[in-house]
Amino acid sequence: MSTAARRAKSFREVFSLAITAAALAAFSAARAQAATITATWDGTTNNWSSAADWSTNPNYPNNGTPSGTLYDVNVASGTITLDVNPTIQTFDWSGG
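Remember, it's a predicted structure, so these values are computed and weren't measured experimentally.

This next bit is on the overall build of the chain. When you go through the chain residue by residue, the secondary structure sums to one helix and five strands. Along the chain, from the amino end to the carboxyl end, the secondary structure elements read α-β-β-β-β-β. Here the chain, with 96 residues, has 19% of them falling under the buried criterion. In the chain, the proportion of contacts linking residues at least 24 apart, taken out of those at least 6 apart, comes to 47%. Surface summary for the chain: the accessible area is close to 6,400 Å², and the carbon and sulfur share equals 57%.

The next subject is the packing of aromatic side chains. Throughout the structure, instances matching the rule amount to three aromatic pairs. Relative to Trp93, the ring of Phe91 has its centre 5.8 Å away and its plane inclined at 20 degrees; by these criteria the two rings are stacked. Of the residues examined, Phe91 reaches a relative accessible area of 41% and is grouped as partly exposed. Judged by relative accessible area, Trp93 falls into the partly exposed class, the value being 43%. Chaining the aromatic ring pairs together yields one cluster made of Trp41, Trp48 and Trp54.

Glancing now at the side chain of Asp53. With respect to the helices and strands, the residue Asp53 is situated in the loop between strand E2 (45-47) and strand E3 (69-75). Owing to a relative accessible area of 9%, Asp53 belongs among the buried residues under this scheme. A polar atom in the side chain of Asp53 sits 2.8 Å from the side chain of Asn46. A polar atom in the side chain of Asp53 sits 2.7 Å from the side chain of Ser50. Dropping the residues within four chain positions of it, Asp53 is found in contact with Thr40, Trp41, Asp42, Thr44 and Asn46.

Read from one edge to the other, the open sheet built from three strands follows the order E1-E3-E5, with strand pairing classed as parallel. Where the open sheet ends on each side, the last strands, each with one partner, are strand E1 (35-40) and strand E5 (90-93). Pairs of neighbouring strands in the sheet enclose a mean axial angle of 20 degrees, with direction left out of account. The pairing of E1 with E3 spans six bridges and is classified as parallel. Bridging from a neighbouring strand, Ala35 pairs with Thr69 of E3.

Of all hydrophobic cores here, the largest spans eight residues; its members are Ala39, Trp41, Trp48, Trp54, Tyr71, Val73, Val75 and Ile80. Setting aside residues no more than four positions away along its own chain, Trp41 makes contact with Asn46, Asn47, Ser50, Asp53, Trp54, Asn74, Val75, Ser77, Gly78, Thr79 and Ile80.

Basis of the calculations
Residues numbered from 1 in each chain as written. Predicted model: local features only at pLDDT ≥ 70, side-chain atom pairs only at ≥ 80, totals over all residues. Heavy atoms only, no water. Helix = DSSP H or I, 4+ residues; strand = E, 2+ residues; numbered from the N terminus. Buried < 20%, exposed > 50% of the residue type's maximum accessible area, 1.4 Å probe, protein only. Contact = heavy atoms within 4.5 Å. Areas by Shrake-Rupley, 256 points an atom, 1.4 Å probe, with all protein chains shown as cover. Phe/Tyr/Trp six-rings, centres within 6.5 Å; stacked < 30°, edge-to-face > 60°. Polar contact = N/O pair within 3.5 Å; in protein donor to acceptor, adjacent residues only side chain to side chain. Pairing = 2+ DSSP bridges. Axes fitted to C-alpha atoms, helices over the stretch in contact; angles between N-to-C directions. Core = buried A, V, L, I, M, F, W, Y, C linked by side-chain atoms within 4.5 Å.

What follows is the structure, given as structure tokens:
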């Protein structure tokens, strides 16, 4: 293998490693920026999307709203109609 071929191969290996490292760093940074918030229902009867009934008003619990936010949901009482398809981290139904 010529010197030029070895240098080209070495460059490709270093470039590939650098791209992989950058991708891993970006993924790690995105995960580190996610904030978990506890959203508590106020005990009324209403739709899930009624942000005014959640402690997280002006948002109802839905991961990524706002960007980077994850939700742990706590409902002690009341009735919630699921009128949207939210994604959450955990759900604690502590009511009777």
